[in-house]
Amino acid sequence: MMQRRAGIVLTEKKSHLVENRLGPVMRRFGFKDTASLLAELRHGHEALVQAVIEAMTTNDSAFFRDRKTFDEFRDIVLPSLLVARASTKRLSIWCAACAAGQEAYSLAMLLDDRKLLAEGWTIDLYATDINGQMIARGEEGLYSQFEVQRGLPIRRLLTCFTQEGNSWRITPHLRRMVTFRKFNLLDSFGWLPDLDVVFCRNVLMYFDQKTRLSVIDRIADILAPDGALLVGPAESVAGVGVGFTPVENAPGLFYKARPVQLLRRAG
Ligand SMILES: C[S@@+](CC[C@H](N)C(=O)[O-])C[C@H]1O[C@@H](n2cnc3c(N)ncnc32)[C@H](O)[C@@H]1O
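Residues numbered from 1 in each chain as written. Predicted model: local features only at pLDDT ≥ 70, side-chain atom pairs only at ≥ 80, totals over all residues. Heavy atoms only, no water.

### Focus on the overall build of the protein
Line of reasoning, step 1. Of the regular secondary structure elements, the protein holds 11 helices and 10 strands.
Line of reasoning, step 2. Here the C-alpha radius of gyration of the protein, 19 Å, is about what a compact globule of 267 residues would show, namely 18 Å.
Line of reasoning, step 3. Seen through its C-alpha atoms, the protein measures out along the principal axes to roughly 60 × 50 × 30 Å.
Line of reasoning, step 4. Counting every position in the protein, which comprises 267 residues, the buried fraction comes to 48%.
Line of reasoning, step 5. Contacts in the protein between residues far apart in sequence, at least 24 positions, make up 73% of those at least 6 positions apart.
Line of reasoning, step 6. If you sum the accessible surface of the protein, you get close to 12,900 Å²; carbon and sulfur atoms cover 53% of it.
Line of reasoning, step 7. For the protein, the distance from the average position of its 35 positive side-chain charges to the average position of its 30 negative side-chain charges is 2 Å. (Helix = DSSP H or I, 4+ residues; strand = E, 2+ residues; numbered from the N terminus. Rg over C-alpha atoms; globule rule 2.2 N^0.38 Å. Buried < 20%, exposed > 50% of the residue type's maximum accessible area, 1.4 Å probe, protein only. Contact = heavy atoms within 4.5 Å. Areas by Shrake-Rupley, 256 points an atom, 1.4 Å probe, with all protein chains shown as cover. Lys, Arg positive; Asp, Glu negative; His and termini not counted. Charge placed at Lys NZ, Arg CZ, Asp CG, Glu CD.)

If you want it as structure tokens, here you go:
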């Protein structure tokens, strides 16, 4: 069911994890054991199916996770796009598995540093995830002390968040830059506009090869010819599906077709 509905492969090795994560779902829906939960799942009780999918997803994330990827976006991808899109002043970016929104807000911070909105740019920044609870968290924009401590420089914490008790809320300005939506990567990408940049990080690794290929191919379909795809540093799309070209010395960064000229921002 997880593979069919979410693309997520659960091997024998994950049986302990499955049991742990089904525990709270069993309690919530009043099942005595996993056998009765599984029997009900087979009947396709949709609320239960959704609860199981959400319980089985791994939503670990952090602000500026894998810092180098965000440096690549800031220093390689963004400067080239700002030149290429100077006439339209429009950028469309998609975080395709955004967990609780940390990745999208990290991007919003980098875009905000460049004062693009003040310069008349329109930025469409979409953040989607299959897990509705994660989307609700991203929309709420409220993070624990532990979450903001992971990877977020203190300067950013003080300028981009306000403290609420033990938690930290993203500023309304950054909140407004991100559009959250619950979305399954197995479904049609038809609602998305043509995109300049796609972040699809640390999610392909949960899929089987066929699903991975299908997602990558469909990302290529909606990426602009000079658009960039960023995956996790340990993930690769080189050599699979359509021709994505890796950028030298930039782990996780791929271009649909290598742009004529890549500009690296000085400093
Ligand atoms: C480990 S997190 C990665 C979050 C973020 N991209 C990062 O790298 O920090 C993986 C996310 O992928 C989501 N996910 C898993 N299967 C999905 C699917 N079929 N469609 C959309 N999102 C999915 C999970 O809900 C989870 O939030």
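### Description of the packing of aromatic side chains
Line of reasoning, step 1. Taken as a whole and judged by the stated rule, the model has 13 aromatic pairs.
Line of reasoning, step 2. On the numbers, 6.3 Å between centres and 85° between planes, the contact of Tyr143 with Phe161 is edge-to-face. Taken together, the residues span a long stretch of sequence, with Tyr143 in strand E3 (residues 142-144) and Phe161 in strand E4 (residues 161-164) at a distance of 18 residues.
Line of reasoning, step 3. Of the residues examined, Tyr143 reaches a relative accessible area of 1% and is grouped as buried. (Phe/Tyr/Trp six-rings, centres within 6.5 Å; stacked < 30°, edge-to-face > 60°.)

### Points about the site of the ligand
Line of reasoning, step 1. Taken together, 22 residues surround the ligand, and among them Ser61, Arg65, Ala97, Asp129 and Asn202 come closest.
Line of reasoning, step 2. One nitrogen or oxygen atom from the side chain of Glu103 is found 3.1 Å from a nitrogen atom belonging to the ligand.
Line of reasoning, step 3. The side chain of Asn202 places a nitrogen or oxygen atom 2.7 Å from an oxygen atom of the ligand.
Line of reasoning, step 4. Bound to the protein, the ligand loses 99% of the 610 Å² it would expose on its own. (Near = heavy atom within 4 Å. Polar contact = N/O pair within 3.5 Å; in protein donor to acceptor, adjacent residues only side chain to side chain.)

### Things to note about unusual backbone geometry
Across residues other than glycine, the phi torsion is negative in most instances, and most of the peptide bonds are trans.
Line of reasoning, step 1. In this model, Ala99 sits at a positive phi of 50°, which is unusual for a non-glycine residue.
Line of reasoning, step 2. If you trace the backbone, Ala99 turns up in the loop between strand E1 (90-95) and helix H6 (102-113).
Line of reasoning, step 3. For Ala99, a relative accessible area of 5% translates into the label buried.
Line of reasoning, step 4. Phi angles above zero are rare outside glycine, and Asn202 is one such case at about 55°.
Line of reasoning, step 5. Owing to a relative accessible area of 17%, Asn202 belongs among the buried residues under this scheme.

### Observations concerning the domain arrangement of the protein
Line of reasoning, step 1. What the domain assignment lists for the protein is domain 1 (2-56) and domain 2 (67-255).
Line of reasoning, step 2. With centres defined by C-alpha atoms, the gap from domain 1 to domain 2 works out at 29 Å.
Line of reasoning, step 3. Taken together, the contact pairs 10 residues of domain 1 with 11 residues of domain 2.
Line of reasoning, step 4. Summed over both partners, the interface of domain 1 with domain 2 comes to about 840 Å²; 44% of that surface belongs to carbon and sulfur atoms.
Line of reasoning, step 5. Its largest share of buried area at the contact with domain 2, domain 1 owes to Ala6, Gly7 and Glu54, together 49% of the area lost on that side.
Line of reasoning, step 6. Where Lys182 meets Glu54, a salt bridge forms, and the shortest distance between an N and an O atom there is 4.0 Å.
Line of reasoning, step 7. Elements with a minimum of two residues in the side of domain 1 that touches domain 2: helix H1 (2-6) and helix H4 (46-56). (Domains from an automatic or database assignment. Buried area = accessible area lost by both parts, 1.4 Å probe. Salt bridge = Lys/Arg side-chain N within 4 Å of Asp/Glu carboxyl O.)

### Observations regarding the packing of helix H2 (residues 15-29) against H4
For any two helices packed against each other, the geometry comes down to the angle between their axes and how far apart the axes lie.
Line of reasoning, step 1. In the contact formed by H2 and H4, the axes pass within 9 Å of each other and the chain directions differ by 140°. The handedness of the crossing between H2 and H4 is right-handed. Between H2, through Leu17, Val18, Arg21, Leu22, Val25, Arg28 and Phe29, and H4, the contact on the second element is made entirely by Ala47, Leu48, Ala51, Val52, Ala55 and Met56.
Line of reasoning, step 2. Looking at the contact of H2 with H4 residue by residue, the classes come out as 11 nonpolar, no polar and 2 charged. (Axes fitted to C-alpha atoms, helices over the stretch in contact; angles between N-to-C directions. Left-handed = near helix turned anticlockwise from the far one by under 90°. Nonpolar A, V, L, I, M, F, W, Y, C, P; charged D, E, K, R; others polar.)

### Topic: the sheet that holds E3
Paired through backbone hydrogen bonds, the strands of a sheet run either parallel or antiparallel to each other.
Line of reasoning, step 1. If you walk across this open sheet you meet the 3 strands as E3-E5-E4, and the pairing is antiparallel. With partners counted over all chains shown, the strands left at the sheet margins are E3 and E4, one partner each. Taken over all neighbouring pairs, the strand axes of this sheet differ in orientation by 35° on average, direction set aside.
Line of reasoning, step 2. In the sheet, E4 pairs with strand E5 (residues 167-170) via 4 bridges, with the strands oriented antiparallel. By the bridge assignment, Phe161 is partnered in E5 with Ile170. (Pairing = 2+ DSSP bridges.)

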